Amino acid sequence: PPPADASGGDGGEGESMQLGKGDRVFDRVLSFPCEFEMRVIGIPVGPFSSDMKDIVEKVTGKEVVAVSVRDKGKYRSVRVTGSFDNADQLYEAYALFSKDKRVKFKF
């Protein structure tokens, strides 16, 4: 049998949700402006939580909508909800998270 359609969509208007390497998924799955929750897990050294909040505020030019912090063992999970005008802002925030050596995971 032919492979199943992995698009996850209804197939309407001939658009496939299959993404190739290098595709920017946020451009395709979100409508902007929007509020988006980013989650960052890292080692809580220094002002880790406020640094993650500051990154989102720097990128968006707006105060964050919400921040929640949870400690689990040696890691801290920070959820930062920001108001984003476009996908470029999301990608920039994730890139800045990646530059912080304390960050272990982000999604």
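You'll find the structure just up there.
In this text the structure is predicted, and so the values were computed from the model without any measurement.

Chemist: Is there a simple way to think about the nonpolar core in this case?
Modeler: Within soluble globular proteins, side chains that are nonpolar generally end up buried alongside one another. Within the largest apolar cluster, 20 residues are counted, with the highest numbers of intra-cluster contacts made by Phe36, Met38, Met52, Val56 and Phe97. Those elements giving two or more residues to this core turn out to be β1 (34-42), α2 (48-60), β3 (75-84) and α3 (87-99). Not counting chain neighbours up to four residues away, the residues in contact with phenylalanine 36 comprise Phe26, Leu30, Val80, Thr81, Gly82, Phe84, Leu90 and Tyr94.

Chemist: Looking at this structure, how should I read the sheet that holds strand β4 (residues 103-106)?
Modeler: In any sheet, the strands associate via hydrogen bonds between backbone groups, in a parallel or an antiparallel arrangement. Across the sheet, four strands lie side by side as β2-β3-β1-β4; this open sheet has antiparallel pairing. At either end of the open sheet lies a strand with only one pairing partner, and these are β2 (66-72) and β4. Across the sheet, the mean angle separating the axes of adjacent strands is 25° when strand polarity is ignored. The strands that α2 touches are β1, β2, β3 and β4; relative to β3, the one it contacts most, it runs at about 20°. On top of the sheet, α3 reaches β1, β3 and β4; it is set at about 10° to β1, its chief contact.

Chemist: For this particular structure, what's the right way to read the packing of α2 against α3?
Modeler: Describing two packed helices takes the angle between their axes plus the distance from one axis to the other. Two elements in contact, α2 and α3, have axes whose closest approach is 9 Å; the angle formed by their N-to-C orientations is 145°. Of the two possible hands of crossing, α2 and α3 adopt the one that is right-handed. Along its contact with α2, which presents Met52, Ile55, Val56, Val59 and Thr60, the element α3 presents Gln89, Glu92, Ala93, Leu96 and Phe97. Of the residues belonging to the contact of α2 with α3, the class tally is seven nonpolar, two polar and one charged.

Chemist: So what exactly am I meant to see when it comes to the pairing of β2 here?
Modeler: Successive residues of a regular strand alternate their side chains across the two faces of the sheet. For β2 and β3, the ladder comprises seven bridges, and the chain directions are antiparallel. Paired with alanine 66 across the two strands is threonine 81, which belongs to β3. The hairpin formed by β2 and β3 contains two residues between the paired strands, and glycine 73 there has a positive phi angle of roughly 65°.

Each value, and the rule that gives it
Residues numbered from 1 in each chain as written. Predicted model: local features only at pLDDT ≥ 70, side-chain atom pairs only at ≥ 80, totals over all residues. Heavy atoms only, no water. Core = buried A, V, L, I, M, F, W, Y, C linked by side-chain atoms within 4.5 Å. Buried < 20%, exposed > 50% of the residue type's maximum accessible area, 1.4 Å probe, protein only. Helix = DSSP H or I, 4+ residues; strand = E, 2+ residues; numbered from the N terminus. Contact = heavy atoms within 4.5 Å. Pairing = 2+ DSSP bridges. Axes fitted to C-alpha atoms, helices over the stretch in contact; angles between N-to-C directions. Left-handed = near helix turned anticlockwise from the far one by under 90°. Nonpolar A, V, L, I, M, F, W, Y, C, P; charged D, E, K, R; others polar.

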